[in-house]
Amino acid sequence: MSVLEKERDVERHPPAERGPRRRSITDERGRRVRGWELALRYLLLLAVLALTVGPFLWQLSTSLKGPTEDIFSSPPKFLPGDPTLHNYKRVADTIPVWDYAFNSLKVAGANVVTNCVGSALAGYALARLRYRGRRVATLVFILAMLVPVEGIIIAQFTTMRELGLNNTLIGVVLPGCIGAMNVLLMRNAFLNLPYEIEEAAFVDGANTWQRFLRIALPSVKGTLAVVAIFAFMGAWDDFLWPLIVLSDPSKFTLTIGLNYLHGTFANDERLVAAGTVIAVAPLIALLACLQRYFFRGVGEGAVKG
C-alpha cells in the first residue's frame, strides 16, 4: 500500500478520539507505581497508624466512658455511649494532679532551655572551632550515648546527695540538662552550613560570638526545635530518675503522681485512662506548635555525620 492510499484510508476510517490521558502515579525516582503496590503501601501505613495512634485513642475513649458502661465488652465498643468528663474530675480529687503537672512543667521547661543553649554551644564548638582534641571530644559524646542510664544512675544519685540536691527539682534536672544526642544533632546541623558565609563575616570583622548568634544559630532553627521536643519529652516522660531522687510528695512530677492511681488490689481503668490523657496532652500540644520546624530540622543534620 502506497503512502497516498494510506492517507485515503485514514480519511475514510478516522481513529477514535482519545479521552484525556490518565496521570500515572510515580515515586520519588519517577518510576510508575502500580495500583496494587500503592494499595499495599496504604495498608501498611494504616497498620502502623493503628499500632501507634490506636492505643491512645482507646485510652481517650475509656476516659470518656461513664461508670455504667462496660469497657471490657466483646466485641469492644470504641465510642462511648454517654461521654462524660467526670473521670478527669475524679483524677483531680484523687491526687493533686495539677501540682504534679506544674512540677513536671518546671522540670521540662528547664530541661528544654539547658539543652537548647548547651547543645547549641557545644555543637558549634565541635563543628566550627579549630582546636586540639576536637575529634576526641566528638568521640566522647558518641561513647556517652552507648552508656545505659541504669549503669550510672547510682553514681548520679550519690553525686546529687553529696551536693545536697537530692529531693529537689534541681537534682531532677541536672543529670539531663545537656544530652549527648542533642549535641551531636546540633553539630551535624552546623556542619551542613556553608563555611564561606562565616568566612565572609570574619573578613568583615565579626568575632566568634557574632558569627554564632547572627549567622549560624538562625540557620538551624529546625534542629533547635527537634532538640526542644526531644528534651521536653524526655523530661516529661521520665519516671525512674525522679522516683529515685525525690521523696517529698509535694515535689513529685506527674509521672510519679499518676502511679498513685493504681490500686493495690484493683484498678479503675477509667481513672487511669483519664490520667494518661492528661499526661499526653502537653506533648501533643508541643508537637502541634513546633511541627513545621520539627520536620524541617530532621533533615538539617542528616547529611554529614
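Up top is the structure.
Residues numbered from 1 in each chain as written. Predicted model: local features only at pLDDT ≥ 70, side-chain atom pairs only at ≥ 80, totals over all residues. Heavy atoms only, no water.

### Some remarks on the overall build of the chain
Broken down by element type, the chain carries 14 helices and 0 strands. Listing every helix and strand of the chain by position from the N terminus yields α-α-α-α-α-α-α-α-α-α-α-α-α-α. Considering the chain as a whole, with its 305 residues, one finds that 32% of them fall into the buried category. Carbon and sulfur atoms make up 63% of the accessible area of the chain, which totals about 20,000 Å². (Helix = DSSP H or I, 4+ residues; strand = E, 2+ residues; numbered from the N terminus. Buried < 20%, exposed > 50% of the residue type's maximum accessible area, 1.4 Å probe, protein only. Areas by Shrake-Rupley, 256 points an atom, 1.4 Å probe, with all protein chains shown as cover.)

### Here we look at the packing of helix α4 (residues 97-127) against helix α11 (residues 221-237)
Relative to each other, α4 and α11 sit at 145°, their axes nearing to 8 Å. Relative to α11, the crossing made by α4 is right-handed. Taking contact as the criterion, the partners of A101, S104, L105, V107, A108, N111, V112, N115, C116, S119 and A120 in α4 are, on α11, L224, V227, A228, A231, F232, A235 and W236. Its residues assigned to classes, the contact of α4 with α11 comprises 14 nonpolar, 4 polar and no charged. (Axes fitted to C-alpha atoms, helices over the stretch in contact; angles between N-to-C directions. Left-handed = near helix turned anticlockwise from the far one by under 90°. Contact = heavy atoms within 4.5 Å. Nonpolar A, V, L, I, M, F, W, Y, C, P; charged D, E, K, R; others polar.)

### Considerations on the packing of aromatic side chains
For the structure on display, the rule yields 7 aromatic pairs. Aromatic pair W209 and F212: ring centres 6.3 Å apart, planes at 80°, arrangement edge-to-face. Placement of both W209 and F212 in helix α10 (residues 208-216) is noted, with a separation of 3 residues, approximately one turn of the helix. Three or more aromatic residues joined by ring pairs make a cluster, and in this case those are Y124, F190, W209 and F212. Lying across the ring of Y195, R130 places its NZ or CZ 5.7 Å from the centre. (Phe/Tyr/Trp six-rings, centres within 6.5 Å; stacked < 30°, edge-to-face > 60°. Lys NZ or Arg CZ within 6 Å of the ring centre and 35° of its normal.)

### Describing the nonpolar core
V91, I95, M186, F190, W236, L254 and L261 are the most contacted members of the largest nonpolar core, which totals 48 residues. Here the element with the most residues in this core is α4; it accounts for 10 residues. (Core = buried A, V, L, I, M, F, W, Y, C linked by side-chain atoms within 4.5 Å.)

### Let's talk about the side chain of S119
In this fold, S119 is placed in helix α4. Engagement of the side chain of S119 in a polar contact is seen with the backbone oxygen of N115, the distance being 2.7 Å. (Polar contact = N/O pair within 3.5 Å; in protein donor to acceptor, adjacent residues only side chain to side chain.)

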